[in-house]
Number of protein chains: 2
Amino acid sequence: MRSRPVDVPALVTAARDGSARAVARLITLVENADPALREVMAALAPHTGSAWVIGLTGSPGVGKSTTTNTLVAAFRERGLRVGVLAVDPSSPFSGGALLGDRIRLLDHALDPHVYTRSMASRGHLGGLSFAAPQSLRVLDAAGCDVILVETVGVGQSEVEIAALADTTIVLLAPGMGDGIQAAKAGILEIGDVFVVNKADRDGVNTTVRDLRAMISLGERTEAGAWRPSVEKLVAERGEGRDDVVAALDKHHAWLVEHDVLRERRIARAEGEIAAIALQTLRLRMTDPRRDDNLNELAARVVAGKIDPYAAADELVEAL
Amino acid sequence: MRSRPVDVPALVTAARDGSARAVARLITLVENADPALREVMAALAPHTGSAWVIGLTGSPGVGKSTTTNTLVAAFRERGLRVGVLAVDPSSPFSGGALLGDRIRLLDHALDPHVYTRSMASRGHLGGLSFAAPQSLRVLDAAGCDVILVETVGVGQSEVEIAALADTTIVLLAPGMGDGIQAAKAGILEIGDVFVVNKADRDGVNTTVRDLRAMISLGERTEAGAWRPSVEKLVAERGEGRDDVVAALDKHHAWLVEHDVLRERRIARAEGEIAAIALQTLRLRMTDPRRDDNLNELAARVVAGKIDPYAAADELVEAL
């Protein structure tokens, strides 16, 4: 489609020198699963590993963008470089086409130390499992100290985000039937820091109390285990922001102290490597140029002559 | 966990003889990824291939359960045996624990020719890609003529359902911002029959007109291509039910006439076989008893010594 060749070394150097355009271009290569991606990832590898990845998830309407905004402001006040990756698990468009970057993070639109990117997980090869970790790698190598990954909590997206993040914030709001929501979505297990936004609304104390009760039910009791905290926030006015940031810092210190940071990152890399390897194998299996093995097996399954497990065994053997 | 051995031949025979308990037990084996599953699938294989799988998807609140109910009634009036698989992509519980089969399909609770099962896609190995097609195989072998697969349209669930179904119904309701919803979720591409439920409400004609306009924009023009139809329904009172069923029948006739039914089923079996094969390979890759290859590669990626692609190449080589 694009005939212009990608000058990977120049692009990586520019991204590391602070060019937002170069960063954007690299993430576009990620999104397009560009053939140059292998070269890009190889060039980025030595420069990765320093960013703190914070996941932020919650139901629609809890105020994820506003919360991201206020956290970005807090980290910027410390002089940190911040990346924001907003993942929309339902949109088939990239670049946040429907609502878009235009209304997102307006507060920081002109700040050269804030990189913002919206990304649709749908329609990407492998969804989040490919594009998101590689985009994090781009932002990490570009010198981001903190990367906020924001996603709406539907389907499995929040579990996928938690798997990507060093620290996961679960955002709630009063009066949204949070108790049931939390139990249903299994978010209790993924949250390191719970934030009840819109804390100026009625019912905030009930929500906080219910959450604390539910968390303590599932709490790990061994010495040194992390105890998730619950913080109140009015993101629109920045009220409670410092408490949230303090809770995040505390979690980061815990991660480092117990060597969990490294463990989580190795687990994350394992997932990433396995996903790429499986994709390679998937393409090999389904490549019509290789042979019609899969198609023949499928025809036999449809005809009831063989079951899918036996067919899969044959397929694996043939690789 | 369970020590009672599974007598697979007896269970399959009982399921084929119409035992709802045996069907339920087989689907539980599927959900638990029971070791006996290979034997089960091998025993079912010769008896599969006759069920017509109809997917039904829509946003929360459009009336999916009521619509399923009324369609089940219509198929039962024809004397057909009907299976219903309700997939909840957000619940970590199985058996529909939160709302449950108890309030679902009450109309047909005592009908021995209707099998109903709720199923959570979350927490299952591979999600829908494993449990759903195998459950369909159970229902198919148990003699269901029609199987309705119902799921709420969030994340990628409706695309996954469409991939499983011979015919896909997209359900909408007036006044829910359907236009944008449809465009956003990419449902236009997956619907074979669009049904506007709650058609006694204001705005139904606008919704139908908007939908028709959007469908015609994306319509395939070659001779013989399927033209998705838009039907109105008041599922609660059964109004419009016969038009919906007629549209479904028309689509089924089209599938058969153009040999698309077989093509779709082969494509579905290809996906199923590939998913099982990839799962086998994934387990092989991540099996800690084999060796610590993946873990070592991940540690090198985290240390920035190697990039994930190069690591994945090494992993595939080692298989």
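Our structure's up above, just so we're on the same page.
Keep in mind that what you see is a predicted model, and the values were worked out from it rather than measured.

It is worth spelling out the packing of aromatic side chains at this point. Per the counting criterion, the structure on display carries 4 aromatic pairs over all chains. Taken together, a centroid distance of 5.8 Å and an interplanar angle of 50° make the contact between A:Trp226 and A:Trp254 tilted. Taken as a pair, A:Trp226 in the loop between helix H9 (204-217) and strand S7 (229-232) and A:Trp254 in helix H10 (residues 241-257) lie far apart in primary sequence, 28 residues in all. Neither residue differs from the other here; A:Trp226 and A:Trp254 are each classed as buried. Seen in terms of ring centroids, B:Trp52 and B:Phe75 are 6.0 Å apart; in terms of plane orientation they differ by 80°. Their pairing is edge-to-face. Within this pair, whereas B:Trp52 is found in strand S1 (residues 52-58), its partner B:Phe75 is found in helix H4 (residues 64-77), the two being separated by 23 residues in sequence. Residue B:Trp52 is classed as buried on the basis of its relative accessible area, which comes to 7%.

It is worth spelling out the side chain of A:Arg268 at this point. Residue and element names in this part refer to chain A. Assignment of secondary structure puts Arg-268 in helix H11 (residues 260-286). Within the structure, the side chain of Arg-268 is placed 2.8 Å from the backbone oxygen of Leu-164, a separation counted as a polar contact. Excluding anything up to four places from it in sequence, Arg-268 contacts Val-53, Ala-163, Leu-164, Ala-165 and Asp-166.

Next up on the list: helix H4 (residues 64-77) of chain A. Note on helix geometry: an α-helix contains 3.6 residues per turn, so any two residues three or four positions apart are oriented the same way. Residue and element names in this part refer to chain A. The terminal C-alpha atoms of H4, which comprises 14 residues, lie 20 Å apart, in line with the 20 Å expected from a rise of 1.5 Å per residue. Looking only at H4, the buried set comprises Lys-64, Thr-67, Thr-68, Asn-69, Thr-70, Leu-71, Val-72, Ala-74 and Phe-75. Once H4 ends, the next one or two residues include Gly-79, with phi positive near 80°.

Residues and elements named next belong to chain B. Axis separation between helix H1 (residues 8-16) and helix H3 (residues 37-44) bottoms out at 10 Å; the angle between their running directions is 45°. By the angle class used here, H1 and H3 are oblique. Regarding H1 and H3, the two cross each other, and that crossing is right-handed. Along its contact with H1, which presents Val-8, Pro-9 and Val-12, the element H3 presents Glu-39, Val-40, Ala-43 and Leu-44. Its residues placed into classes, the contact of H1 with H3 shows 6 nonpolar, no polar and 1 charged.

Calculation notes
Residues numbered from 1 in each chain as written. Chains lettered and ligands numbered in written order. Predicted model: local features only at pLDDT ≥ 70, side-chain atom pairs only at ≥ 80, totals over all residues. Heavy atoms only, no water. Phe/Tyr/Trp six-rings, centres within 6.5 Å; stacked < 30°, edge-to-face > 60°. Helix = DSSP H or I, 4+ residues; strand = E, 2+ residues; numbered from the N terminus. Buried < 20%, exposed > 50% of the residue type's maximum accessible area, 1.4 Å probe, protein only. Polar contact = N/O pair within 3.5 Å; in protein donor to acceptor, adjacent residues only side chain to side chain. Contact = heavy atoms within 4.5 Å. Expected span 1.5 Å × (residues − 1). Axes fitted to C-alpha atoms, helices over the stretch in contact; angles between N-to-C directions. Parallel < 35°, antiparallel > 145°, perpendicular 65-115°, else oblique. Left-handed = near helix turned anticlockwise from the far one by under 90°. Nonpolar A, V, L, I, M, F, W, Y, C, P; charged D, E, K, R; others polar.

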